[in-house]
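# Structure at a glance
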Amino acid sequence: MQIKVTAPAQIYTTIQLPSSKSISNRALIINALGNRTFQLENLSDCDDTQVMIHALNDGKNTIDIMAAGTAMRFLTAYLSVTPGTRIITGTQRMQQRPIQVLVNALRELGAEIEYIINDGYPPLRITGHKLQKDTISLPGNISSQYISALLMIAPILSNGLALTLTGEIISRPYINLTLQLMNDFGAKAKWLNEYQLKVEPQPYQSIPFYVESDWSAASYWYQIAALSNKAEIILPGLFETSYQGDSKVAEIFQLLGIESIYGNKMVTLKKTDKIAERLDYDFINQPDLAQTFVVTCALMNIPFRFSGLQSLKIKETDRITALIKEMGKLGYILHEIDDRILSWEGERCEMTADAAIDTYEDHRMAMAFAPVCVVMPEIRINNPQVVSKSYPYYWEDLKKAGFIIEEI
Ligand SMILES: O=C(O)C1=C[C@@H](OP(=O)(O)O)[C@@H](O)[C@H](O)C1
Ligand SMILES: C=C(OP(=O)(O)O)C(=O)O
């Protein structure tokens, strides 16, 4: 399927974003490990959270988490401490996303996990039982989700867990998000220093819990505001102090002429004329925002050098390669340096006539490229349904804001 997206001349709208999938999926695992006294409120309706809910509630022997990285990694740890034998699998791409660091760590703690097809990758066969060891060291430079997964099961281990991380730690705000939620639910978990974490053997207590809106999803509305001549966008359910590391998006977009005004449980995006001449930024802590800023800066003609992108290669697709290819169709020549940097110094090439953006089964490719139509007459997007991974109503929300979406 392909759609053509056309933008309105000005954008004045209020958009109810989806709930945070990162918070939803943590709260679900933690609640399942606790006493489940309260219902979690405002869980995300996205695919990644729906697969987690089914995995935890349906009691199936084979669990298919489709494309959800958090579900795959968090459930691998969860199933290792939950009685029974299950197979956990996912999409073809999920079967290429590495999990060896987590499996090695869990095996060292005493877990019973087998690779079913390829060593180091899902699908896995997991038999859950009590884990005895309480100290582990693992690399922190591949995915923070391995660390979050281990942290979340730690309060129910007999002696808790001491974790030492080696290498450069990526996506650290997601580890902090895990610690925040664990502590909210009555656990005792903290950083001892930059590389060491400690979790006490103190069980979770369910609490009434409401999931806030998703800051990564908000980034596409910041992008739309930045690219528009006239815009004011209200996003309810977002707060200045958020558990989500991607709330940093507000600060970075200030450099691209968007002011965030907080109040009454919402943020209002307003345009300013303070726009940076170039943007250099290290995305090591906010990898999911990289696509938004690559597309926005190029379309605003702002040269950039974005580092800390090494984890993009193992996400829903190789996002570095996908960005270079699709931005090339729009006439922008990006440079990749050392598998971890993308830069653009204003180099242009001829646009592909009638270009359609490929989305590579990656929701963020679709969502970050759709706003291009604010600047160009229209944009065509292939397989637009990929957005359901984190933001199922993205296209409906664009329509609400005045965009025209036509199936072709
Ligand atoms: O823990 C989480 O909720 C996430 C952590 C990040 O992954 P990595 O730690 O693999 O970078 C991020 O990209 C992903 O969308 C969500
Ligand atoms: C990388 C992402 O998700 P995950 O790793 O959880 O599949 C994402 O949502 O951009």
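Only a predicted model underlies this, so the values are computations on that prediction, with no experimental measurement involved. (Residues numbered from 1 in each chain as written. Chains lettered and ligands numbered in written order. Predicted model: local features only at pLDDT ≥ 70, side-chain atom pairs only at ≥ 80, totals over all residues. Heavy atoms only, no water.)

### Notes on the domain arrangement of the chain
Taken domain by domain, the chain comprises domain 1 (2-18 + 213-407) and domain 2 (21-210). Residue-level contacts link 27 residues of domain 1 with 24 residues of domain 2. Between domain 1 and domain 2, a total of about 2100 Å² is buried, with carbon and sulfur atoms accounting for 50% of that surface. Of all residues in domain 1, Y243, I314 and K389 bury the most surface against domain 2, accounting for 36% of the area lost on that side. (Domains from an automatic or database assignment. Contact = heavy atoms within 4.5 Å. Buried area = accessible area lost by both parts, 1.4 Å probe.)

### Observations concerning the pairing of strand β5 (residues 84-89)
Pairing analysis gives three bridges linking strand β4 (residues 62-64) to β5, with the strands arranged parallel. Its bridge partner being in β5, T62 is matched across the sheet by I87. Each parallel crossover has a hand, and the one from β4 via helix α3 (residues 69-80) to β5 is right-handed. Sheet analysis places β5 next to strand β7 (residues 124-128), joined by five bridges and oriented antiparallel. (Pairing = 2+ DSSP bridges. Helix = DSSP H or I, 4+ residues; strand = E, 2+ residues; numbered from the N terminus. Right-handed = clockwise from strand over helix to strand, strands pointing away.)

### Examining the sheet that holds strand β14 (residues 256-263)
With mixed pairing, the four strands of this open sheet are ordered in space as β2-β13-β15-β14. Every other strand in the sheet has two partners, leaving β2 (11-14) and β14 as the edge strands with one partner each. The average angle at which neighbouring strand axes cross in this sheet is 25°, direction not considered. Here β2 pairs with strand β13 (residues 231-236) via four bridges, running parallel. (Axes fitted to C-alpha atoms, helices over the stretch in contact; angles between N-to-C directions.)

### Side note on the site of ligand 1
The environment of ligand 1 is formed by 13 residues, the closest being S22, R26, S143, S144 and D288. Within the side chain of S144, an N or O atom sits 2.5 Å from an oxygen atom of ligand 1. S171 has a polar side-chain atom sitting 2.7 Å from an oxygen atom of ligand 1. Taking 380 Å² as the accessible area of ligand 1 by itself, protein coverage stands at 96%. At the level of secondary structure, the elements contributing two or more residues to the shell around ligand 1 comprise α1 (21-33) and α5 (144-153). Ranked by the residues each element gives to the shell around ligand 1, the list is headed by α1, at three residues. Of the residues in the shell around ligand 1, the class split is two nonpolar, seven polar and four charged. A domain-level breakdown of the shell around ligand 1 finds at least three residues from each of domain 1 (2-18 + 213-407) and domain 2 (21-210). (Near = heavy atom within 4 Å. Polar contact = N/O pair within 3.5 Å; in protein donor to acceptor, adjacent residues only side chain to side chain. Areas by Shrake-Rupley, 256 points an atom, 1.4 Å probe, with all protein chains shown as cover. Nonpolar A, V, L, I, M, F, W, Y, C, P; charged D, E, K, R; others polar.)

### A look at the pairing of strand β9 (residues 161-166)
Burial along β9 is one-sided: L161, L163 and L165 are buried, and none of A162, T164 and T166, which face the opposite way, are. Both strand β8 (residues 135-139) and β9 contribute to a ladder of five bridges, which runs parallel. Among the inter-strand pairings, T135 is bridged to a residue of β9, identified as A162. With α5 bridging β8 and its parallel neighbour β9, the resulting β-α-β unit is right-handed. Judged from the four bridges that link them, β9 and strand β11 (residues 196-199) form a sheet pairing that is antiparallel. In the strand pairing of β11, L163 is matched with L197. (Buried < 20%, exposed > 50% of the residue type's maximum accessible area, 1.4 Å probe, protein only.)

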